[in-house]
Amino acid sequence: MKKPDTTMSVKAKKHLGQHFLTDEGIAKNIADALTENGYNNVLEIGPGMGVLTKYLLQKKLNVTVIELDRESIVYLRSTFPLEHLKLNTSEERFKIIEGDFLKKSLSEIFEKKQVAIIGNFPYNISTQIVFKAIENREFVPEFAGMFQKEVAERIAEKKGSKIYGILSVLTQAFFDVEYLFTVPPKVFNPPPKVDSGVIRFIRKKNYSLPVDEKLFFRVVKTAFNQRRKMLRSSLKSFNLSDSLKEEPIFAKRPEQLSVQQFIELTEKLANNGI
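Residues numbered from 1 in each chain as written. Predicted model: local features only at pLDDT ≥ 70, side-chain atom pairs only at ≥ 80, totals over all residues. Heavy atoms only, no water.

Undergrad: Before we move on, can you summarise the overall build of the chain with the specific residues and values?
TA: Scanning the chain for helices and strands turns up 11 helices and nine strands. For the C-alpha atoms alone, the extent of the chain along its principal axes is close to 85 × 40 × 25 Å. Looking at the chain as a whole, 49% of its 274 residues are labelled buried. Taken as a whole, the chain presents about 14,000 Å² of accessible surface, with 48% of it coming from carbon and sulfur. (Helix = DSSP H or I, 4+ residues; strand = E, 2+ residues; numbered from the N terminus. Buried < 20%, exposed > 50% of the residue type's maximum accessible area, 1.4 Å probe, protein only. Areas by Shrake-Rupley, 256 points an atom, 1.4 Å probe, with all protein chains shown as cover.)

Take a look at the structure:
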């Protein structure tokens, strides 16, 4: 009997921001970042040649992968199952979607079921992936993955830091965020020029805001767009009244405010007819 050809490999493409992880231990650790609590489905973004995928398939989860690279899709459909014959790669357990995650509807793909998101995310779209997870938080109880270290640290940072910003506040308003570990460039092919960081978000029990969400987003973004200024200056486009400007919170800079204080700030503005 002729042995199946499992020699096919995929070349990383610069325009897709691909850096393939080659360290099995790190791949397993990323997969193990999932708690598997409250969901049966996991979606991996950008699986490449499946180094992380195979560890996901060892869990009691239904695994869906979404990939834009046509060469990777061919590999996952043909070579990957042959390389991992002991894994259940049947269609009931393992689905492959070709396309752009940012253009897909999570609620349609998973029929409004809960789904964890995971991946070694392309640096160039990683923040967009986070914002999409936030928008779809009703369906996303958990999110784990690898980012450029600087971005991972920014998402997980607490108030009072120079790197605490829009991404930190908007993520932490809905998820508890934990920075898990750092990954060096040498474990990728090709190696990126910077370190990577793996983080995990777990959705808060109460993931709705007690204020208008659009106004909250607008307040946070406007405040940090001029982060060196006091809020009475950076938020002047909100036509603050003189009495409002005198309140102590408006003498602070945005990085001094916790998520809860941003919620309170939004409430103050809403109560003043903003």
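Next comes the rest of the description.
Undergrad: If you had to explain the pattern of salt bridges to someone new, which residues and values would you point to?
TA: Per the stated rule, a full pass over the model turns up 12 salt bridges. Salt-bridge contacts for Lys-54 lead to Glu-24; the nearest nitrogen and oxygen are separated by 3.1 Å. Note that Lys-54 is positioned in helix H2 (residues 53-56) and Glu-24 in helix H1 (residues 24-31), a separation of 30 residues in sequence. With a shortest N-O distance of 2.7 Å, Lys-268 and Glu-247 are connected by a salt bridge. Placement of Lys-268 in helix H11 (residues 259-271) and of Glu-247 in the loop between helix H10 (242-245) and H11 is noted, with a sequence separation of 21 residues between them. Assessed through its relative accessible area of 26%, Glu-247 is described here as partly exposed. It is possible to trace a salt-bridge network through shared partners that takes in Lys-28, Asp-32, Glu-36 and Lys-59. (Salt bridge = Lys/Arg side-chain N within 4 Å of Asp/Glu carboxyl O.)

Undergrad: Please set out the nonpolar core residue by residue, giving values where relevant.
TA: Of all hydrophobic cores here, the largest spans 53 residues; its most connected members are Phe-216, Phe-262 and Leu-265. Once residues within four sequence positions are removed from consideration, Phe-262 is found in contact with Val-169, Phe-216, Val-219, Val-220, Ala-223, Phe-224, Pro-254 and Leu-257. (Core = buried A, V, L, I, M, F, W, Y, C linked by side-chain atoms within 4.5 Å. Contact = heavy atoms within 4.5 Å.)

Undergrad: Before we move on, can you summarise unusual backbone geometry with the specific residues and values?
TA: That bond from Asn-189 to Pro-190 is cis: its omega, -10°, falls within 30 degrees of zero. Mapped onto the elements, Pro-190 comes out in the loop between strand S8 (188-189) and strand S9 (196-203). Even without a glycine there, the phi angle at Glu-36 is positive, about 65°. Summarising the element assignment, Glu-36 is placed in the loop between H1 and strand S2 (41-45). Unlike most non-glycine residues, Asn-239 shows phi in positive territory, near 55°.

Undergrad: Requested: an account of the packing of aromatic side chains, with residues and values cited.
TA: What describes a pair of aromatic rings is the distance from one ring centre to the other and the angle between the planes of the rings. A full pass over the atoms with the stated rule returns 10 aromatic pairs. Taking 6.3 Å as the distance between ring centres and 35° as the angle between the ring planes, the aromatic pair formed by Phe-174 and Phe-217 counts as tilted. Highlighted residues: Phe-174 in the loop between helix H7 (166-172) and strand S7 (175-183) and Phe-217 in helix H8 (residues 213-225), separated in sequence by 43 residues. The exposure class of Phe-174 is buried, given its relative accessible area of 0%. Through pairs of rings, three or more aromatic residues link up here, namely Phe-121, Phe-143, Phe-147, Phe-175 and Phe-201. (Phe/Tyr/Trp six-rings, centres within 6.5 Å; stacked < 30°, edge-to-face > 60°.)

Undergrad: Got a sec to walk through the sheet that holds S9? Specific residues and values, please.
TA: Read across the sheet, seven strands follow the order S4-S3-S2-S5-S6-S9-S7 without closing on themselves; strand pairing throughout is mixed. Only two strands of the sheet have a single neighbouring strand rather than two, namely strand S4 (94-98) and S7. Taking each pair of neighbouring strands and ignoring which way they run, the sheet shows an average axis angle of 20°. The pairing of S2 with strand S5 (residues 115-120) spans five bridges and is classified as parallel. Among the inter-strand pairings, Val-42 is bridged to a residue of S5, identified as Ala-116. Taken strand by strand, H1 contacts S5, strand S6 (142-148), S7 and S9, and its axis lies near 175° from that of S7. (Pairing = 2+ DSSP bridges. Axes fitted to C-alpha atoms, helices over the stretch in contact; angles between N-to-C directions.)

Interpretation note: all reported values are geometric properties and have no functional meaning in isolation.
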